[in-house]
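# Chains, contacts and geometry: an overview
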Amino acid sequence: MANTALQADPSHDDAGHHDDHEHHENLAHHFDTYEQQFDAGKLGIWVFLVTEVLFFGGLFCAYALYRNLRPDVFAGSSEFLNTKLGAINTGVLLFSSLTMAWGVRCAQLRQHKMLAGMLAATLSCAAIFLGVKAIEYSHKWSMGLLPAGLYTYDPANPHPAGGPNYLLWICAPFAIGLLFVVGWLIIAKIKKDEFKVRVLMPLTVVFACFFVGVQLGTILESGGEGEHAAGDDHHVVAGADGHAEHGDDHAEGRADEHLEDLDQPNNLAIEKADLAGLEVLAQDQSNPGARDTLEALKRQEAVASGSVLQGDQRPVESPTEKRVTATPKQAGVFFSIYYCMTGVHAIHILAGMGVMIWLLVRATRAEFNENYFGPIDYVGLYWHLVDLIWIYLFPLLYLIGK
Amino acid sequence: MTTGAATAPGGVRDAGFVSDNENYLKNSSGVLSWMFTLDHKRIGIMYLVGILTSFLGGGLLAMVIRYHLMAPGGATTISNDAYNQLFTLHGAIMVFLFIIPSIPAALGNFLVPVMLGAKDVAFPRLNLSSFYLWVGGAIFFVGALLMNGLDTGWTFYTPYSTSTDTSVVMATFGAFILGFSSIFTGLNFIVTINTMRPPGMTWFRMPLFLWATYATSIIQVLATPVLGITLLLLIAENVMHIGIFDPEFNGDPVTYQHFFWFYSHPAVYIMILPAFGIISELISVHSHKGIFGYRFIAYSSIALALLSFLVWGHHMFTSGMSSVTVVIFSALTFTVSVPSAIKVFNWVATMYKGAISLTTPMCYALAFLFLFTIGGLTGLFLGTISTDLHLHDTYFVVAHFHYVMMGGTVVSFVGGLFHWWPKMTGKMFNEAGGRISALIVFVGFNLTFLPQFLLGNQGMPRRYATYDPEFQWLHQLSSIGAFTLGIGLLVAGLVLLHSLYAGRQAPANPWGGATLEWHCTSPPPFYNFKHAPVVGDPYEFANVHYDEATDNYVFTELPRTLVPEEPVKTPTPAGGQS
Amino acid sequence: MSDHSDHGFAHPQSITTLLTVFAALVFLTIVTVVQASFHLGNWEIWIALFIASLKAALVLYFFMHLGHEKPFNILVFFSTLFFLALFLGGTLSDRNAYRNQLEPDIDEPYRSEAPAEAAETAAAME
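Everything numeric in this text was worked out from a predicted model, so none of it was measured. (Residues numbered from 1 in each chain as written. Chains lettered and ligands numbered in written order. Predicted model: local features only at pLDDT ≥ 70, side-chain atom pairs only at ≥ 80, totals over all residues. Heavy atoms only, no water.)

## Structural notes on the overall build of chain B
- Across its full length, chain B holds 17 helices and two strands.
- Expressed as a percentage of contacts within chain B between residues at least 6 apart in sequence, the contacts between residues at least 24 apart total 80%.
- For chain B, the accessible area works out to roughly 19,300 Å², and carbon and sulfur atoms hold 69% of it. (Helix = DSSP H or I, 4+ residues; strand = E, 2+ residues; numbered from the N terminus. Contact = heavy atoms within 4.5 Å. Areas by Shrake-Rupley, 256 points an atom, 1.4 Å probe, with all protein chains shown as cover.)

## Examining the overall build of chain C
- Per the secondary structure count, chain C includes four helices and zero strands.
- Order of helices (α) and strands (β) in chain C, N terminus to C terminus: α-α-α-α.
- Per-residue burial for chain C yields a buried fraction of 38% across its 126 residues.
- Expressed as a percentage of contacts within chain C between residues at least 6 apart in sequence, the contacts between residues at least 24 apart total 46%.
- When the accessible surface of chain C is totalled, it reaches about 7,000 Å², and 69% of it is carbon and sulfur. (Buried < 20%, exposed > 50% of the residue type's maximum accessible area, 1.4 Å probe, protein only.)

## Focus: the pattern of salt bridges
Residues and elements named next belong to chain A.
- For the structure on display, the rule yields 13 salt bridges over all chains.
- For K133, the salt bridge goes to E136, with nearest N and O atoms at 3.1 Å. Of this pair, K133 and E136 both sit in helix α5 (residues 112-143), three residues apart, which is roughly one turn of that helix. The residues K133 and E136 share a single accessibility class, namely buried. (Salt bridge = Lys/Arg side-chain N within 4 Å of Asp/Glu carboxyl O.)

## Some words on the packing of aromatic side chains
Residue and element names in this part refer to chain B.
- Enumeration over the complete set of coordinates arrives at 82 aromatic pairs over all chains.
- Look at F245 and F259: their rings are 5.5 Å apart centre to centre, the planes differ by 75°, and that puts the pair in the edge-to-face class. Residue F245 is found in the loop between α8 (208-240) and α9 (253-287), and its partner F259 is found in helix α9; the two are separated by 14 residues along the sequence.
- The exposure class assigned to F259 is buried, which follows from its relative accessible area of 0%.
- Relative to W312, the ring of F262 has its centre 5.1 Å away and its plane inclined at 80°; by these criteria the two rings are edge-to-face. On the criterion of sequence distance, the pair formed by F262 in helix α9 and W312 in the loop between α10 (294-307) and α11 (323-335) is long-range, its members being 50 residues apart. Neither F262 nor W312 differs from the other in exposure class; each is buried.
- Over the aromatic face of W34 sits the side chain of R42, whose NZ or CZ is 4.4 Å from the ring centroid.
- Directly above the aromatic system of F204 lies the positively charged group of R295, at a separation of 3.7 Å from the ring centroid. (Phe/Tyr/Trp six-rings, centres within 6.5 Å; stacked < 30°, edge-to-face > 60°. Lys NZ or Arg CZ within 6 Å of the ring centre and 35° of its normal.)

## Thoughts on helix α5 (residues 124-147) of chain B
- With 24 residues, α5 of chain B should reach 34 Å at 1.5 Å per residue; the first-to-last C-alpha distance of 35 Å fits that figure.
- At the C-terminal side of α5 of chain B, G149 of chain B shows a positive phi close to 75°. (Expected span 1.5 Å × (residues − 1).)

## Considerations on the pairing of strand β1 (residues 544-547) of chain B
Residue and element names in this part refer to chain B.
- Across four bridges, the pairing between β1 and strand β2 (residues 552-555) is antiparallel. Residue pairing in the sheet places V544 in a bridge with F555 of β2.
- With antiparallel pairing between neighbouring strands as the criterion, β1 and β2 make up a hairpin whose turn holds four residues, including D551 at a positive phi of roughly 50°. (Pairing = 2+ DSSP bridges.)

## A closer look at empty space enclosed by the protein
Residues and elements named next belong to chain B.
- One pass over the full model with this rule turns up 19 cavities of 30 Å³ or more.
- Taken as a whole, the largest cavity encloses approximately 130 Å³ of empty space.
- Lining of the largest cavity is provided by 16 residues; of these, F96, I100, P101, L178 and S182 occupy positions nearest its centre.
- Residue assignment for the lining of the largest cavity shows that the elements contributing at least two residues are α4 (80-116), α7 (168-195) and α8. (1 Å grid on protein atoms, 1.4 Å probe; cavity = no way out; pocket = protein on both sides within 12 Å on 5 of 7 lines; lining within 4 Å. Points joined across faces, edges and corners; volume = space filled by probe spheres on them.)

## Remarks on the side chain of T172 of chain B
- Its place among the elements puts T172 of chain B in helix α7.
- Not counting chain neighbours up to four residues away, the residues in contact with T172 of chain B comprise F156, L231, L234 and I235 of chain B.

## Here's the deal with the confidence of the model for chain C
All names here are of chain C.
- Per-residue pLDDT for chain C has a mean of 77; in total, 72% of the residues score no lower than 70.
- Here helix α4 (residues 115-125) stands out as the least confident element of chain C, with mean pLDDT 46; helix α1 (residues 15-36) is the most confident, with 93.
- Below pLDDT 50 for its whole length, residues 1-7 participates in 15 contacts with residues either more than four positions away or in separate chains. (pLDDT = per-residue confidence, 0-100.)

## Examining the packing of helix α4 (residues 83-108) of chain A against α5 of chain A
All names here are of chain A.
- Contact geometry for α4 and α5: axes closest at 8 Å, N-to-C directions at 165°. Relative to α5, the element α4 lies roughly antiparallel. Between α4 and α5 the crossing geometry is left-handed. Seen from α4, the contacting residues are L85, N89, V92, L93, F95, S96, T99, M100, W102, G103, C106 and A107; seen from α5, they are M114, L115, M118, L119, A121, T122, C125, I128, F129, V132, K133 and E136.
- Classifying every residue of the contact of α4 with α5 gives 17 nonpolar, five polar and two charged. (Axes fitted to C-alpha atoms, helices over the stretch in contact; angles between N-to-C directions. Parallel < 35°, antiparallel > 145°, perpendicular 65-115°, else oblique. Left-handed = near helix turned anticlockwise from the far one by under 90°. Nonpolar A, V, L, I, M, F, W, Y, C, P; charged D, E, K, R; others polar.)

## Considerations on a nonpolar patch on the surface
Residues and elements named next belong to chain C.
- Together, I30, V34, F38, L40, W43 and W46 give the surface a local cluster of nonpolar side chains, amounting to about 700 Å² of exposed area.
- Breaking the nonpolar patch down by element, the ones donating at least two residues are α1 and α2 (43-63).
- Along the polypeptide, L40 turns up in the loop between α1 and α2.
- Overall, L40 belongs to the partly exposed group, its relative accessible area being 35%. (Patch = residues over 30% accessible without salt bridge, like charges linked within 9 Å, V, L, I, M, F, W, Y side chains within 5 Å.)

## Some details on the side chain of N194 of chain B
- Along the chain, the position of N194 of chain B falls in helix α7.
- A distance of 2.7 Å separates polar atoms of two side chains, one belonging to N194 of chain B and the other to Y214 of chain B.
- With residues up to four places along the chain from it excluded, the contact list for N194 of chain B reads L43 of chain A, W203 and Y214 of chain B together with F72 of chain C. (Polar contact = N/O pair within 3.5 Å; in protein donor to acceptor, adjacent residues only side chain to side chain.)

## As for the packing of helix α16 (residues 431-457) of chain B against helix α17 (residues 472-502) of chain B
All names here are of chain B.
- Where α16 meets α17, the closest approach of the two axes is 7 Å, and the angle between their N-to-C directions is 155°. Classified by the angle between their axes, α16 and α17 sit roughly antiparallel to one another. When you trace α16 past α17, the crossing you get is left-handed.
- Residue composition of the contact of α16 with α17, by class: 17 nonpolar, eleven polar and no charged.

## Focus: unusual backbone geometry
Residue and element names in this part refer to chain B.
- Cis geometry is found at the peptide bond from T158 to P159, where omega equals 0°.
- Of the consecutive residues S522 and P523, the connecting peptide bond is found in the cis state with omega at -15°.
- Position of P523 among the secondary structure elements: in the loop between α17 and β1.
- We note that D393 has phi near 60°; this positive angle belongs to a residue other than glycine.
- Mapping D393 onto the fold places it in the loop between α14 (385-391) and α15 (395-425).

## Digging into the nonpolar core
- Core analysis: the biggest nonpolar cluster contains 328 residues, and F96 and W347 of chain B have the highest contact counts within it.
- Ranked by residue count, the leading element in this core is α4 of chain B, at 23 residues.
- Three or more residues apiece are contributed to this core by two domains, here domain 1 (1-68) and domain 2 (70-126) of chain C.
- Discounting chain neighbours no more than four positions away, the residues touching F96 of chain B are P101, W134, F141, W154, F156, A175, L178 and L227 of chain B. (Core = buried A, V, L, I, M, F, W, Y, C linked by side-chain atoms within 4.5 Å. Domains from an automatic or database assignment.)

## Looking at the confidence of the model for chain B
Residue and element names in this part refer to chain B.
- On average, residues of chain B score 88 in pLDDT, and 93% of them reach the 70 mark or higher.
- When mean pLDDT is taken per element in chain B, α16 scores highest with 96 and helix α1 (residues 4-7) scores lowest with 37.
- The low-confidence segment residues 1-18, where pLDDT is below 50, has 34 contacts with residues more than four positions distant or belonging to other chains.

Rendered as structure tokens:
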């Protein structure tokens, strides 16, 4: 949001000032040269990135505090996160960083059409990212894997029926956006408004990409094995339904094996709960992500009962042997931090998308050149920083104790 | 109209305007021309109006509080709960809405580009949006006040802030927005000072106010985001119980204090550093003598900005922090006194053998020196662990930070307002009235807060609505002082308001300053400088002479006429009558 | 459009560089996922952070043009790491020093569906 204001456009300047220098159309009145204007914007965006880093710093601090305090809870809870979805999203964001950096190059070389294409590609990647995230969130919400105060996850009944359809609620704004853009596009086509068509076509793709992300997330979440998730989108999309069930079967088979592996001599109650959970799962064929859930469940239970804990992980100064390690509140803290970190990150993605749509309009107007590519460069820097944050979030949240 | 520039003997200056239409106050009119202005001077004026309104509100709350404390059981019918809300609102409004934006956002916005010789700040639209963010944050604060009130104290400590029924979420969201306003102001100044200095304005020719503003901006940019995330987490804690700060969900309240003070201690320097900048200007100009130890003052501002990030733990000595950390933070705290003392010594040395004119701004500057020194020295008691354990959360702390914040920042802010008032409005105020206000403020201030040191030392805890009868006489003394202080500030306000319609036209340089803002007319034209001015030493007073005919100081030689020889590669300055 | 010659501040990057960097980033992502499947105990987080930092360095140097950046801007960005370290260092070290006092000895039982049990435990503690 800062980016929109970071550069000044003389056409909006205050009264009492008229700009009669056509050849300086993008140079604000208080700057002497393009280079000065560019340098000012560049320093501005770097300082802004500094504030962003420190802003996320607070979240990383909270993460470090609680992971340091309870490494076992973090390792156990992280099992609920789907590594494949995280990895796919990492790849998607890295690719969007590539297209963004390429877009800066296009702006500098006056490749206007290609610039618009690159921005559209970046936006589409952002939409896919959010689509996958929507699957992750809605899936966890329906299981009650929520922040500490709202944490209702019950290992005996991991998929309670009758909750709201969270996915629908997340998708609704994007669906409305898609309808709106398509409608506008049709009107523009009818009116033969060439410019609007050229802006709205890529935007339609962008909104549609959100649902591609949702679809991709559904497939991967439903436990497709490695060979399915190999990134061959067409193949996966085509066979989505079949694979989902197949995946479930697989999941339960593996989960059963896994159960036998687990050694839980001293906590009958938890073992019973596990079996009850398994039964529920076995009856519920339509459950996506059964395998992941089940594994996570086992792992967390085992950790909670203390049977899986490594000696070096247990706090040495533990004053009593009777200490119970993982309570809902403590597992909830992991999810609190997970939602705070990824949520704030997702808000940044949304903000970045907003600014990029504005850039897309300007790029379609061919406003950028080797003297005036600042806005693209600044938004690019912001976008790379959002990517950077994710590069750290991915191993810290998804890859603990796998 | 005539300007100092036109009458300068033998002087030709390119700054200054030719017609009244170019005066920034008059170059366009109507409410919309103010609301959507991108002119840093108008934005500064809007900020000034906003923060003075907040100051009035916070000040009235303080008067109510002091009146309530006239009697041990409470002199009014205000309930104890309502009292908690009163002091919380007083603190929150004064800190977030008034002191933090006071000097940087109001005076700074007006002065930074003019002193620098630039046409505007680097990002004028960001500047305007940061003003509206301030307005938005203020609305949330007032909204919280109207809904359920707020009784957590301005620090929002958990666990109380996660269990009280008052509108914590709304108020913290307001503070969150205000934080962004502050960040954007700081970002703008950093970029402006870095990239928009005209030829000749090297780092060490910058007026010290700019150094102070720069140091402040560094803190704003580095510390405020941490406040942002802290408040966001606190909101999440209230809404979703994320269990990071709330012990009920295995959170840790001390962590909240770490997060909070990592911002809020540097924020103390956001409040006081610009005040140092103002005092450096005031003392030098009104002593008509170059500043003593320019580089030391400049560097000490930066040093304070950096040191301020090392000492946040001294707010938490009794919070349950580990004893090792307590010792480290205590030791680091004492380092802060070095750059602060450097400044005070340099100001005193500047006055030595200067031609001091006891104008209103100078009276406030002298009051500042006295009050800030007391505030700073009592800080040493609080930084020492053993005495802090006794004095923590007593009136001693209240007195200490009021001496620094009110006696330091507010007094210098009022002094700076008097100093630059002729420049901002083009009107001279009544000098006698101004001096009387300074005297009343000085007496009233000491009467209010000196007794509080005694109260605190005797064990009177802060934030209590009632007290033992043995404290009554000191409390009454303090209350009487507070009313005196209020009257003093009221007089100051009336003097300034009176000048608006009855003051005589201000000359370009009424005090004899040498920095660039005194080279423009009063009030400055819309674009400040037609061409980038060429800059000399900001504290070289040899060329500045009093001209009795116009009651103005003029530049007898031509220190600034050296128009750059090579053609400037700029477009003809926009806004100019080219 | 402008005929000015003062536009030497644009440094377009070659497509080869961009693609190579992207390939390296994807490769490192795969490495970090694979690495996570080995159980390396306490080293795990440091290795993961090291790989993430490598990726961050690539993004910073190439995509964010930190290589061609003005020294002051580089200083600005890296100063943030210093202040981040101050913040994290101060808070974490203090927390580690007092964590003994922080944790309750016996927490409430895991089962959320058995509040009666929890009450009993609490009663027993008193």
